[in-house]
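Single-letter residue listing:
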Amino acid sequence: MSNLSIHYPRRSAAKAAIALTPWPAPIPPQWQRMAQQKGFTVTDRVGDRYHVLLRCRDCGGLTMAKAYTLRTAQPKCAACGDRALRDTAAAARLTFLRRDAEDRHYAVYRAPCGHEVRRQLELVQRIAAGKVQVRCETCFQAEVAAEAIAQGWQLLGPDPDGHDGYRLYRHGCGHEQRVARVNMRTGRFACAGCDAGWAAEPNRIYLMRLDLEGVGVVVKLGHSRLPLSRMRYQLGLDPERRQELIHEVRMPSGHEALRVERGMHARLLREIPDLVVPREALEAARINVTREIYRAEAEPRLRSLLDDLEDAIGTGS
Ligand SMILES: [Zn+2]
Ligand SMILES: [Zn+2]
Ligand SMILES: [Zn+2]
């Protein structure tokens, strides 16, 4: 009996032992005839009275099969099957290593980076056909972790909310936060824990007078570190139409500015709800905010609120 590598429909130690144990009995001529008709030669009986070794006419590979299978069905050459897997793997830039011991729809491959990857056979076919691209999970994780480190964060794991594009990270300050991976790459986000971007820095509450097409003259109350820049570059206004920054009050921090501004809007909503420009009107106009804008008639009330604020904190401009 040949000691060449023998293929089994599924690899297991028990089957390997059967395949290597000769069964001392002649090969019935009718088995040999059936094997010939089906593209094989019976080379040995092995293990017990039920098993034979078949040599594939196409590739010469040895496959163990049950005599019953030989009689009633077309045995499959496992070596040819593995060769097909090898070829498909190569086309997918993978090296076929072995079939998955548990699931026949999976196999284990070596990726170009050197890591072992477990892949569904059907997926490898699609990769080979150029229909999908699949990264090595180990390398991908390392890349995501390295991006975080470059921004001063540590990758903790997948998004607790289950979004593919997000991960959970921990900042150097200890704060944990879910962040879109694309934002982590570019650094275009702030840590809510330290929020050094704006919360602790000086800020301004402002009043702007704007002329919006289809709406008319309105006043906008808001806060910003740089109100003029906000008006000119961030609101998406039509530069041909009137826009004036009419009042600013310096605030010690962004946090404080936000708190005070929210209080003012809540108060205005109670006092002059009719002068709040509705969201639909703003959506139709050329401005990229949809709230906290008031009709021109509200300007005196807004000015008086800002005057009171200046008096209270003792700094105006
Ligand atoms: Zn074969
Ligand atoms: Zn890898
Ligand atoms: Zn932080």
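Parameters at a glance
Residues numbered from 1 in each chain as written. Chains lettered and ligands numbered in written order. Predicted model: local features only at pLDDT ≥ 70, side-chain atom pairs only at ≥ 80, totals over all residues. Heavy atoms only, no water. Donors = N, O, S within 2.8 Å, 3.2 Å for Na, K, Ca; no water. Tetrahedral: all angles 85-135°; square planar, octahedral: opposite > 155°, others 65-115°. Helix = DSSP H or I, 4+ residues; strand = E, 2+ residues; numbered from the N terminus. Buried < 20%, exposed > 50% of the residue type's maximum accessible area, 1.4 Å probe, protein only. Domains from an automatic or database assignment. Pairing = 2+ DSSP bridges. Contact = heavy atoms within 4.5 Å. Axes fitted to C-alpha atoms, helices over the stretch in contact; angles between N-to-C directions.

Here we come to the coordination of the zinc ion (ligand 2). Coordination sphere of the zinc ion (ligand 2), protein contribution only: C113 (SG), H115 (ND1), C136 (SG) and C139 (SG), at 2.0 to 2.3 Å. Coordination at the zinc ion (ligand 2) is tetrahedral: its four donor atoms span angles of 105 to 120° at the metal. Here the donor residues for the zinc ion (ligand 2) map to a single chain with the spacing C-x1-H-x20-C-x2-C. Here the residue H115 occupies a position in the loop between β6 (106-110) and β7 (116-120), and C136 occupies one in the loop between α5 (121-128) and α6 (137-150), the gap between them amounting to 21 residues. Overall, C136 belongs to the buried group, its relative accessible area being 10%.

With that settled, consider the domain arrangement of the chain. Each assigned domain of the chain is listed here: domain 1 (6-76), domain 2 (81-128), domain 3 (137-186) and domain 4 (203-313). Here the C-alpha centroids of domain 1 and domain 4 sit 85 Å apart.

A word on the sheet that holds strand β4 (residues 62-66). The four strands lie next to each other as β1-β4-β3-β2, forming an open sheet whose pairing is mixed. Two strands in the sheet have a free side with no partner beyond their single neighbour: β1 (6-7) and β2 (40-46). Two strands pair when backbone bridges link them, and β2 and strand β3 (residues 51-56) are joined in this way by six bridges, in the antiparallel orientation. When the bridges of β3 are listed, R45 appears paired with V52. Sheet strands touched by helix α2 (residues 29-37): β2 and β3. Its angle to β2, the strand with the most contacts, is close to 140°.

What follows concerns the sheet that holds strand β13 (residues 243-251). Judged by pairing direction, the sheet is antiparallel, and its four strands sit side by side in the order β13-β11-β12-β14 without closing on themselves. Two strands close off the open sheet at either side, each with one partner strand: β13 and β14 (293-295). This sheet shows a mean twist of 20° between the axes of neighbouring strands, independent of strand direction. Inspection of the sheet shows strand β12 (residues 216-224) paired to β14 by three bridges, in the antiparallel sense. If you follow V218 over to β14, its bridge partner there is R295. Its contacts with the sheet place helix α11 (residues 299-313) against β11 (203-212), β12, β13 and β14, and it is angled at close to 25° to β13.

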